Amino acid sequence: MMACLAPALLSSCSEDDVYNVDINGVPEAAAYVDNVIINVDQSTNTAYFEFTGKGVYPVWIVDGKSYSSTMAFSKFYRKAGEYSVEVKVGNANGISTGTINKKFTIDKTQMNGFGGFVYESDFNLWTKATKQINSYYYAPGWSQIADPATTFDGDTFTLTLPEATTDQWQAQMHVGTNISLPQGEHYDGSVIFTASQDINNVTMKIHPDGDDDDSHSFFCNQKINLTAGEPQAFFFSDLEAAVDMNNLVYTFDFGGNPAGIEIIIENIVLKKHSDDDGTILPEIPTEAEPVWVDANSADNLWHGIDFTMGYYYAPGWSQIADPGFSDNGDGSYTFTLPTAAPERWQAQCHFDTNISIADPNEEYDFMCLIESNVDIPAVMFKLVEADEGETKHDNNYYFADEMAIPAGVQTKFWRTKVKPNEGTAPHALNFFLDFGTCPDNTEVKISKIILQKHHD
């Protein structure tokens, strides 16, 4: 239960809680040493904290900061080692000046699967760098609120997000460094994330300070799904720095987070690919491309559909006339975008269809062919449930992925065995194409769209 924190809150506490206090003043913390109980579940690396004192409440201090005033809570610790927690004791008269300090031990470091590159290696540029949190953007519903509570011990960030968000980029943290990468050099990197609750589409992108232009400066811009309590290593290998990248910034985004989630970010590694730290990379499983049905057959759910087009074309976030669109009558469609849209989501074109899915557990395959007259650094493909009036379904999607499109080459985009992200059967599907990052006078042709039930 929540403790009594101030006289204004006394009505929420029992009579015993209110009046069983020391009438002579604030409590002495030392008198409650035996009321601080810590148990560790070594199988899950979870410490359970409980305070059993009567007529008083605890103030738990973790990593030097007030963490909680509840009578009981738990916290996950990934690494083996000795830890401590401080506790002050309060009543209606105030909080004790004395502090209880209790220690506990985590026996084993917990890591399921690949653990990333070697953090302690002399090749790791991160450990030699200066780093600091530059800024946050925490904006549930796109309305910015107070920055989330964060601790950083020089190696590990622990971030707590008290309010839920719904969209990507609503929960950003920007970590600055003095790391600089020369153009043309190749790099490896990894980060270990642990979340207290399930969260999908955690984004990490690495870019030069002051330059996060999608069109050229992202060294890494990827998403990862996290399962509660399970540390997971995100890694990349042999990536080339496309430009000189000075004073690297790591941007982490947890948009779509549930309320109260705690996220640990640790073991950040960045090294030259040519420097061998002995890491053996795991085999990355790849799905075989499915056998596609005939695009003009009844097995293609896209064939013969009814749809309307929707647009958001806003270079520099200032909306202009819709892109040109042509239904070519042969299952292909042409979009013309006269004005460059330098950022993601500034050139959205979406097919609003009458396709509905009855079973959210049914797996589907999707493909389309795309051809552009110019290079587009990152086209976004998203198959998502349509909104219903004021009810938004942005997060119930089958995929939301991007790829670079080279000029003059027909490129295939495909995904297999996809299911709706939120596990809800879509009442109708929208297919989004976002050409944000396109230059002036872009013309794109989309053809051979196939949506089929997956069959092994």
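Quantities reported herein were computed from a predicted structural model and do not represent experimental measurements.

Colleague: Any chance you could explain the side chain of R344 here in plain terms?
Modeller: Structurally, R344 is set in the loop between β21 (333–337) and β22 (347–353). A distance of 2.4 Å separates a polar atom in the side chain of R344 from a polar atom in the side chain of D434.

Colleague: Just to check I follow, could you spell out the side chain of N300 for this structure?
Modeller: Note that N300 resides in the loop between β18 (261–272) and β19 (307–313). At 3.0 Å, the side chain of N300 forms a polar contact with the backbone oxygen of I449. Once you skip the residues sitting within four places of it in the chain, N300 turns out to touch V293, D294, A295, I449, I450 and L451.

Colleague: What am I meant to see in the sheet that holds strand β1 (residues 36–41) here?
Modeller: Whether parallel or antiparallel, the strands of a sheet pair through hydrogen bonds between backbone atoms. Pairing is antiparallel in the open sheet, where 3 strands are placed in the order β1-β2-β5. The open sheet is flanked by β1 and β5 (72–76), the only strands paired with a single partner. Within this sheet the neighbouring strands show an average axis-to-axis angle of 20°, counted without direction.

Colleague: Would you mind going over the state of the cysteines with me for this structure?
Modeller: Two cysteines form a disulfide when their sulfur atoms are joined by a covalent bond. Considering all chains together, one arrives at 0 disulfides under this definition. Between C368, a cysteine without a disulfide, and C349, which holds the nearest cysteine sulfur, the sulfur-to-sulfur distance is 13 Å. Here C438 stays free of any disulfide, with the sulfur of C349 as its closest cysteine sulfur at 8.9 Å.

Colleague: Sorry if this is basic, but what is going on with the environment of Y397 here?
Modeller: When you line up the elements, Y397 lands in strand β25 (residues 397–405). Spatially, the C-alpha atoms of Y397 and P420 are 5.0 Å apart, while their sequence positions differ by 23 residues.

Colleague: Just checking my understanding: could you explain the sheet that holds strand β13 (residues 186–195) for this structure?
Modeller: As summarised here, the arrangement of the 5 strands in space is β10-β11-β18-β13-β16, forming an open sheet in which the pairing is antiparallel. The open sheet has two edge strands with one neighbour each: β10 (149–152) and β16 (232–240). Going from strand to strand, the sheet's axes swing by 20° on average, the running direction of each strand aside. Across 7 bridges, the pairing between β13 and β16 is antiparallel. The residue of β16 that forms the bridge with V191 is F234.

Colleague: Looking at this structure, how should I read the pattern of salt bridges?
Modeller: Between side chains of opposite charge, pairing is possible as soon as their charged atoms come close. Taken as a whole, this structure holds 8 salt bridges when the rule is applied. When the shortest N-O distance is used, the salt bridge between K412 and E289 registers 2.7 Å. In this pair, K412 sits in strand β26 (residues 411–418) while E289 sits in the loop between β18 and β19, placing the two residues 123 residues apart along the sequence. Taking the relative accessible area as the measure of exposure, E289 reaches 36% and is therefore partly exposed.

Colleague: I keep staring at the nonpolar core and nothing clicks. Help me out?
Modeller: Nonpolar side chains tend to gather and get buried jointly when the protein is soluble and globular. Among the nonpolar cores identified, the biggest contains 40 residues, and F193, M204, Y250, F252, F254, I265 and L270 are the most heavily contacted of them. Here this core gets 6 residues from one element, more than from any other, and that element is β18. Once residues lying within four places of it in the same chain are set aside, the contact partners of F254 are L159, L161, T165, A171, F193, I199, V202, I263 and I265. With 34 residues, the next largest nonpolar core counts F335, L337, I355 and F399 among its residues.

Colleague: I would appreciate a short explanation of a negative patch on the surface in the present structure.
Modeller: A surface patch of like charges, here negative, comprises D63, E120, D153 and D155. Relative to the helices and strands, D63 resides in the loop between β3 (57–62) and β4 (65–68). For D63, a relative accessible area of 56% translates into the label exposed.

Criteria and cut-off values
Residues numbered from 1 in each chain as written. Predicted model: local features only at pLDDT ≥ 70, side-chain atom pairs only at ≥ 80, totals over all residues. Heavy atoms only, no water. Helix = DSSP H or I, 4+ residues; strand = E, 2+ residues; numbered from the N terminus. Polar contact = N/O pair within 3.5 Å; in protein donor to acceptor, adjacent residues only side chain to side chain. Contact = heavy atoms within 4.5 Å. Pairing = 2+ DSSP bridges. Axes fitted to C-alpha atoms, helices over the stretch in contact; angles between N-to-C directions. Disulfide = S-S within 2.5 Å. Salt bridge = Lys/Arg side-chain N within 4 Å of Asp/Glu carboxyl O. Buried < 20%, exposed > 50% of the residue type's maximum accessible area, 1.4 Å probe, protein only. Core = buried A, V, L, I, M, F, W, Y, C linked by side-chain atoms within 4.5 Å. Patch = residues over 30% accessible without salt bridge, like charges linked within 9 Å, V, L, I, M, F, W, Y side chains within 5 Å. Areas by Shrake-Rupley, 256 points an atom, 1.4 Å probe, with all protein chains shown as cover. Lys, Arg positive; Asp, Glu negative; His and termini not counted. Charge placed at Lys NZ, Arg CZ, Asp CG, Glu CD.

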